[in-house]
Amino acid sequence: MILQALYDYYQRKAVDPDSGIAPEGFVWKEIPFVIVINHEGDFISLEDTREGDGKKKRAKKYLLPKSVGRSGSNGWMTSFLLWDHYGYVLGHARSEGEKDQVMAQKQMLSFIKKIQDLPQEIKEDNGVLAVIRFYDQRSYEKVKDSDKWEECSKIIGCNMSFRLDGDSSLIPCNTSVQKYIADQCNENADGVTGLCLITGKKGEIARIHSDTPINKDSKKFVSFQRSSGYDSYGKEQAFNAPISKSAEFAYTTAMNMLLGKDSINKVQVGNTTSIFWSQKEDVFEAIFPSFFGYNKDNPDADVKAVKTLFESAWTGYVNTNSNTRFYILGLSPNSARIAVRFWHTGSIGKCSGNIKQHFDDLEIIRPSHDRGHYSLFWLLSAIAHEKKVDNIPPNLSGQIFEAVITGGTYPATMLQQTIRRIRATQDVTRVQAGILKAYLNRFHRIYSTKEKETITVALDSNNINPGYRLGRLFAVLEKIQEEANPGINATIRDRFYGAASSTPVTVFSQLLKLKNHHLAKLDNEGRKVNFERMLSDIFAGIDASMPAHLAMEDQARFAIGYYHQRQALFTKSSSNNESKN
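Model, not experiment: these values are computed from the prediction. (Residues numbered from 1 in each chain as written. Predicted model: local features only at pLDDT ≥ 70, side-chain atom pairs only at ≥ 80, totals over all residues. Heavy atoms only, no water.)

Undergrad: Honestly, the overall build of the chain in this entry has me stumped. Any pointers?
TA: A tally of regular secondary structure across the chain gives 20 helices and 14 strands. Scaling as 2.2 N^0.38, a compact globule of 581 residues should have a C-alpha radius of gyration of about 25 Å, whereas the chain reaches 32 Å, well beyond that. Overall, the chain is about 100 × 55 × 50 Å in size when its C-alpha atoms are taken along their principal axes. The buried share of the chain, reckoned over its 581 residues, is 50%. Once local pairs closer than 6 in sequence are excluded, the contacts in the chain between residues at least 24 apart make up 68%. For the chain, the distance from the average site of its 74 positive side-chain charges to the average site of its 67 negative ones is 6 Å. (Helix = DSSP H or I, 4+ residues; strand = E, 2+ residues; numbered from the N terminus. Rg over C-alpha atoms; globule rule 2.2 N^0.38 Å. Buried < 20%, exposed > 50% of the residue type's maximum accessible area, 1.4 Å probe, protein only. Contact = heavy atoms within 4.5 Å. Lys, Arg positive; Asp, Glu negative; His and termini not counted. Charge placed at Lys NZ, Arg CZ, Asp CG, Glu CD.)

Written as structure tokens, this is what we have:
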């Protein structure tokens, strides 16, 4: 199903002349340095194609003959046509060691042989003939004398190619070379043939599938380890799951495009990279990444995307009733191959509805200065140590992502991690309170068979849950302390939040005694009466005996109650100040 969807995506892009996707037999590749030669094969210069500053330099991309998979002790025997890394092109070893030096020479001989084995009519091409002369007269030895060679050699495995002096395109981009590559794809197969599992047609089967770059690494999406118990009926490697070379090229090219540096169809959250695409072009593809990632160039992209989604009911910008298929694939690299974290397919209407429900669940009252960031990046930052997404427990980001797009329950780890961060920081932020509200409401909406509990966006004076009431009580006691001691550096929250939210019986008796002391210091009698009334209303929903222990879910309600009450108190204070002014 995954490979079929990727294959169909390639076919969709292939018919679009503006998509820029590589045709069969070719690949878009960055070539940082180009060797410029004349028609006689003399070295002219080493050209740096990179643009930008410092580490942000990007090499120019060219449409080149497709690379071929190579590995093992005989990997040096496989080279690419008219382009490769400097080991093959110039015989430059990656180290001074004798073994690496010998290997580099073997690689260059393999590269030269691939050119010499070309049909005679291709070798008569002006560019190809110049490259042959370049090697015949050992002009490659002069490349390292260039003032740009030092920069080139600093790039590990730097890819290089050739350009004729006076031409604008590379030699492997010449018409005759590209026609030769295209014709090779259409020739009759001389390898193992079989029925392709993707297309259902008979064709030459790919024994080894191409690598896919992911998270600064390259792994295979489909692979079989030889002689390790994965072979069946005497078949080796990818012959166990026959996919034609044409289909293999299509799905790997589509995946490479979706995972590319400039792709707008991917989201990186934690250790999971998610790629997405629709059955046909749709505006939903454009706003989808803003729901989950963070764009440094447009920090408010998530706010605008959520607003656009909710307003689509009357603007029609996103067709929330669309039946167009939408695909989401969560990936992460491991030691051997690319691992699938999750795979989801459904209609755009269903997916957009689940995302809208996610933001409905997260919505909670916020201060006027809060910009309302709610993308998955900000959720993970709120529950991560030092607010670094990289510190999130493994797989948690993928599990939350999956819950958002499927409408299923959030992982219990999300609740536990949020509670741990709140207790560590002794504070409850708007995002953390929203996460806890979303988890509880969704859990009870899906599983509860009794009257379904709904935690409201703002303060709910009718909620009599002990955890929620104790959270409200703690917020009022802290407010009393703050007003009794203006400018205080540390409040009861800094000392007692952890104990109050988990084992309330151990601290609330002491806090209530402190409350009497703090109330006595207030000069405004009316304010004292208001506080006493608040406390009386809150106590009305708490049993006579203080709970000895709060379960994890009730600790979440404690945090929400505390946050709700704090926002209500500050809202009233702001209103009072404005009326006085």
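After that view, the rundown keeps rolling.
Undergrad: When you look at the nonpolar core in this model, what are you seeing that I'm missing?
TA: Soluble, globular proteins show a tendency: their nonpolar side chains are buried together. Counting 81 residues, the largest nonpolar core has Phe284, Phe288, Phe291, Phe292, Ile355, Phe474 and Phe508 as its most contacted members. Top element by residues in this core is helix 16 (residues 466-484). It accounts for 9 residues. Taken together, domain 3 (265-457) and domain 4 (459-580) each give at least three residues to this core, which thus spans both. Sequence-distant contacts of Phe508, defined by excluding residues within four places in its chain, comprise Leu470, Leu473, Phe474, Leu477, Ala500, Met546 and Phe558. The next biggest cluster of nonpolar side chains, apart from the first, holds 38 residues, and it includes Ile115, Tyr135, Cys152 and Ile171. (Core = buried A, V, L, I, M, F, W, Y, C linked by side-chain atoms within 4.5 Å. Domains from an automatic or database assignment.)

Undergrad: Honestly, a nonpolar patch on the surface in this entry has me stumped. Any pointers?
TA: Together, Phe443, Ile446 and Tyr447 make up a nonpolar patch on the protein surface, roughly 290 Å² of accessible area in all. Examined against the element boundaries, Tyr447 turns out to sit in helix 15 (residues 430-447). (Patch = residues over 30% accessible without salt bridge, like charges linked within 9 Å, V, L, I, M, F, W, Y side chains within 5 Å. Areas by Shrake-Rupley, 256 points an atom, 1.4 Å probe, with all protein chains shown as cover. Salt bridge = Lys/Arg side-chain N within 4 Å of Asp/Glu carboxyl O.)

Undergrad: Teacher, can you tell me more about the environment of Gln416 here?
TA: Topologically, Gln416 is positioned in helix 14 (residues 412-425). Residue Gln416 is classed as partly exposed on the basis of its relative accessible area of 30%. Separated by 137 residues in the primary sequence, Gln416 and Glu553 place their C-alpha atoms 9.1 Å from one another.

Undergrad: Quick question: what am I supposed to make of the packing of helix 12 (residues 376-383) against helix 15 here?
TA: Packed helix pairs are specified by the crossing angle of their axes together with the interaxial distance, meaning the distance between the axes. Running from N to C, helix 12 and helix 15 point in directions that differ by 100°, and their axes come no closer than 9 Å. Relative to helix 15, helix 12 is oriented roughly perpendicular. Residue-level contacts link Trp378, Leu379, Ala382 and Ile383 of helix 12 to Val431, Gln432 and Ile435 of helix 15. Tallied by class, residues from the contact of helix 12 with helix 15 come to 6 nonpolar, 1 polar and no charged. (Axes fitted to C-alpha atoms, helices over the stretch in contact; angles between N-to-C directions. Parallel < 35°, antiparallel > 145°, perpendicular 65-115°, else oblique. Nonpolar A, V, L, I, M, F, W, Y, C, P; charged D, E, K, R; others polar.)

Undergrad: Please explain the environment of Gly330 as it appears in this structure.
TA: Tracing the sequence through the fold places Gly330 in strand 13 (residues 325-333). A relative accessible area of 0% places Gly330 in the buried class. As a C-alpha pair, Gly330 and Phe342 span 12 residues in sequence and 5.0 Å in three-dimensional space.

Undergrad: When you look at the packing of aromatic side chains in this model, what are you seeing that I'm missing?
TA: To describe a pair of aromatic rings, one takes the distance between the centres and the angle between the planes. Under the defined criterion, the tally for this structure stands at 35 aromatic pairs. Taking the centre distance of 4.2 Å and the plane angle of 25° together, the rings of Phe292 and Phe401 count as stacked. You can see Phe292 sitting in the loop between helix 9 (284-287) and helix 10 (301-315) and its partner Phe401 sitting in helix 13 (residues 396-406), a full 109 residues away along the chain. Assessed through its relative accessible area of 1%, Phe292 is described here as buried. By relative accessible area, which is 2% here, Phe401 ends up buried. Of the aromatic side chains, those joined through ring pairs into one cluster are Phe276, Phe284, Phe288, Phe291, Phe292, Phe326, Phe342, Phe359 and Phe401. (Phe/Tyr/Trp six-rings, centres within 6.5 Å; stacked < 30°, edge-to-face > 60°.)

Undergrad: Would you explain empty space enclosed by the protein in this entry?
TA: A water-sized probe, rolled over the atoms, reveals where empty space remains. Taken as a whole and assessed by the stated rule, the structure comprises 3 cavities of 30 Å³ or more. Computed from the structure, the largest cavity encloses a volume of approximately 40 Å³. Forming the boundary of the largest cavity are Leu477, Gln481, Ile492, Leu511, Leu514, Lys515 and His518. Those elements that place two or more of their residues in the lining of the largest cavity are helix 16 and helix 18 (508-520). The leading source of residues in the lining of the largest cavity is helix 18, at 4 residues. Counted by class, the lining of the largest cavity contains 4 nonpolar, 2 polar and 1 charged residues. (1 Å grid on protein atoms, 1.4 Å probe; cavity = no way out; pocket = protein on both sides within 12 Å on 5 of 7 lines; lining within 4 Å. Points joined across faces, edges and corners; volume = space filled by probe spheres on them.)

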